[in-house]
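# Report on the structure
Each chain, written out:
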Amino acid sequence: MTWHPRDVNDRVREDTARRLERAMGSLGTAAMTRMDDRLPWYRALSAEDRSWVGLVAQAGIAAFVEWFQHADEGRPTPSIEIFGTAPRELKRSVSLQQTVDLVRVVVEVVEAEVQELAAPGGEELLRQAMLRYTRDVAFAAAHVYAREAEVRGAWDARLEALIVDALVRGEVDDGLHSWAAALGWTSSPVVVLAGYAPDVDPQTVIDGMRDKGRRLGQDLLAGVQGDRLIVIVGGADSIKDAARHVVPRFGPGPIVIGPEVPDLHAAARSARAATAGLRAATGWPDAPRPVLAEDLLAERAIDGDDDARVQLIENVYKPLEGTPLLDTLATYLEQGTSLEATARLLFVHPNTVRYRLKKITELTGYLPTEGRSAFTLQVGLILGRLSRATVT
């Protein structure tokens, strides 16, 4: 009887497939043993994750055997399905590179047994099948991890937007730190910047800022709310350092920097000041870019920002209240910052006025002889008077 070459190949494949079926258990055990010997990351996994990795390896071997039996029928490799054996959490514990290591170990185990596993004359057939299968599995692993990264990226972006929104709204609770921890946030102190979003894709801008911040050792969260871009920077050495790589990413218009706060939980105060400053920034067209929210206290107070009003009363009015300094400042400002006119109205020497103005600067931090400071002092005085009138 004459055998056709195709019939011979079919018989060799069938005999090899039967041998593979009988050896599946021992191949899985050998693969686990080799992983334990060769892969430090595998030994470091929890017992549960090690068990899942073992199931993935066993599933990979079983899928190969099943595919090998029908490979001549043009059946595609079941490359993606084997990863469905493990839960999604395992993909966070085991990296793509480690998955490649796992596949390589399984291949080595099978290759080492080719002479025993393959039917006579089927050694090359088995090797070629293994090469094709492992190639497709490697591509499948890359696909699975890319898909997981895409899903995780979309979730992270949503979580980031929730954090930014909560801070801007001032709705801070214990869940905020859990959200931030999920994104890897560990930094302090914290500074919030508010400005306008650029015309380009906001997520591209945010990703660029985050990558730059990571290289500088800083954490960064950002979100677009309407036409506003809110950026939260953690771990910067100074406010200037926090703003340096962020400011160029904003669109045209003012950029306001909130005060530095100790941690993310307190960042609502910085966000509140920054957004209030952004609303009021049009009141100072010549403001620097960026400008500190503290430098916009007068505009913020006029715009209705209660925090700014309280701060001005506390910093300007109360330190001078009940002293001659209050009348001196009020007279000096009402007289157009004229030293001589103020001295005449108060019946004191001009040097006395100079001394009192110096004391006012020491107590409030504002210089009455400087235009912007004089304006802020004037608003502080008015707010203080109004607060006293309300009390009485």
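Residues numbered from 1 in each chain as written. Predicted model: local features only at pLDDT ≥ 70, side-chain atom pairs only at ≥ 80, totals over all residues. Heavy atoms only, no water.

If you check an unreviewed UniProt entry, the chain appears there as Fatty acid biosynthesis transcriptional regulator FasR from Sphaerisporangium flaviroseum. Its UniProt record gives the chain a comment under Sequence similarities (unreviewed entry), which states: "Belongs to the CdaR family." (UniProt positions renumbered as here; feature names shortened; annotations may be inferred.)

### Concerning the overall build of the chain
The helix and strand tally for the chain stands at 17 helices and five strands. Looking at the 392 residues of the chain, the share that counts as buried comes to 44%. In the chain, once contacts between residues fewer than 6 apart in sequence are set aside, the share between residues at least 24 apart is 69%. Here the chain displays about 20200 Å² of accessible surface, and carbon together with sulfur accounts for 53% of that area. (Helix = DSSP H or I, 4+ residues; strand = E, 2+ residues; numbered from the N terminus. Buried < 20%, exposed > 50% of the residue type's maximum accessible area, 1.4 Å probe, protein only. Contact = heavy atoms within 4.5 Å. Areas by Shrake-Rupley, 256 points an atom, 1.4 Å probe, with all protein chains shown as cover.)

### Considering unusual backbone geometry
The omega angle of the peptide bond from R289 to P290 is 5°, so this bond is cis rather than trans. Assignment of secondary structure puts P290 in the loop between α11 (267-280) and β5 (291-292). Even without being glycine, T337 reaches a positive phi, approximately 60°. By the element assignment, T337 lies in the loop between α14 (324-334) and α15 (339-346). On the basis of relative accessible area, T337 is assigned to the partly exposed category, the value being 37%. Phi at F347 is positive, roughly 55°, even though this residue is not glycine. Residue F347 is classed as exposed on the basis of its relative accessible area, which comes to 75%.

### Thoughts on the packing of aromatic side chains
Tallied over the entire structure, the rule returns zero aromatic pairs. It is R372 that lies over the ring of W284; its NZ or CZ is 3.6 Å from the centre. (Phe/Tyr/Trp six-rings, centres within 6.5 Å; stacked < 30°, edge-to-face > 60°. Lys NZ or Arg CZ within 6 Å of the ring centre and 35° of its normal.)

### Brief notes about the sheet that holds β5
Adjacent strands of a sheet pair through backbone hydrogen bonds, lying either parallel or antiparallel. Taken together, the five strands give an open sheet; going across it, the order is β2-β3-β1-β4-β5, and neighbouring strands pair in mixed fashion. The sheet terminates laterally at β2 (219-225) and β5, the two strands that pair on one side only. Pairing of β2 with strand β3 (residues 228-234) involves seven bridges; the strand directions are antiparallel. Looking across to β3, one finds that Q225 is bridged to R228. Running at roughly 165° to β2, helix α9 (residues 202-215) makes contact with β2 and β3 of the sheet. The sheet contacts of α11 involve β1 (190-196), β3 and β4 (256-257), and relative to β1 the element is tilted by about 25°. (Pairing = 2+ DSSP bridges. Axes fitted to C-alpha atoms, helices over the stretch in contact; angles between N-to-C directions.)

### Some words on the pairing of β1
Burial of β1 is extensive: six of the seven residues sit out of reach of the surface. In this structure, β1 lies alongside β3, joined through seven bridges in antiparallel fashion. Pairing of V190 across the sheet is with G234, part of β3. Of the strand pairs in this sheet, β1 and β4 are connected by two bridges, and their pairing is antiparallel. Considered in β4, the bridge of A194 is made with V256.

### Some remarks on the nonpolar core
By size, the foremost hydrophobic cluster in this structure holds 32 residues, and its most contacted members are M35, F64, F68 and L126. When sequence neighbours within four positions are dropped, the list of residues in contact with F68 reads R13, T16, A17, L20, L125, L126 and A129. One finds A301, V316, L339 and A343 within the second-largest nonpolar core, a separate group that totals 26 residues. (Core = buried A, V, L, I, M, F, W, Y, C linked by side-chain atoms within 4.5 Å.)

### As for the pattern of salt bridges
Per the stated rule, a full pass over the model turns up nine salt bridges. Between R244 and D241 there is a salt bridge, and its shortest N-O distance comes to 2.7 Å. Separated by three residues within a single helix, R244 and D241 lie in helix α10 (residues 239-244), roughly one turn from each other. Residue class for R244 comes out exposed when judged on its relative accessible area of 52%. Note on D241: relative accessible area 17%, which makes it buried. Between E314 and K318 there is a salt bridge, and its shortest N-O distance comes to 2.8 Å. Taken as a pair, E314 and K318 lie in helix α13 (residues 306-320) at a separation of four residues, close to a single helical turn. Overall, K318 belongs to the partly exposed group, its relative accessible area being 37%. (Salt bridge = Lys/Arg side-chain N within 4 Å of Asp/Glu carboxyl O.)

### Side note on the side chain of E299
Positionally, E299 belongs in helix α12 (residues 297-302). Setting aside residues up to four positions removed in sequence, E299 forms contacts with A280, G283, W284, R372 and F375.

### Quick look at the confidence of the model for the chain
Taken as a whole, the chain shows an average pLDDT of 79; of its residues, 76% reach a score of 70 or greater. Confidence drops under a pLDDT of 50 for residues 149-155, and excluding neighbours within four residues, the segment shows two contacts in the predicted structure. (pLDDT = per-residue confidence, 0-100.)

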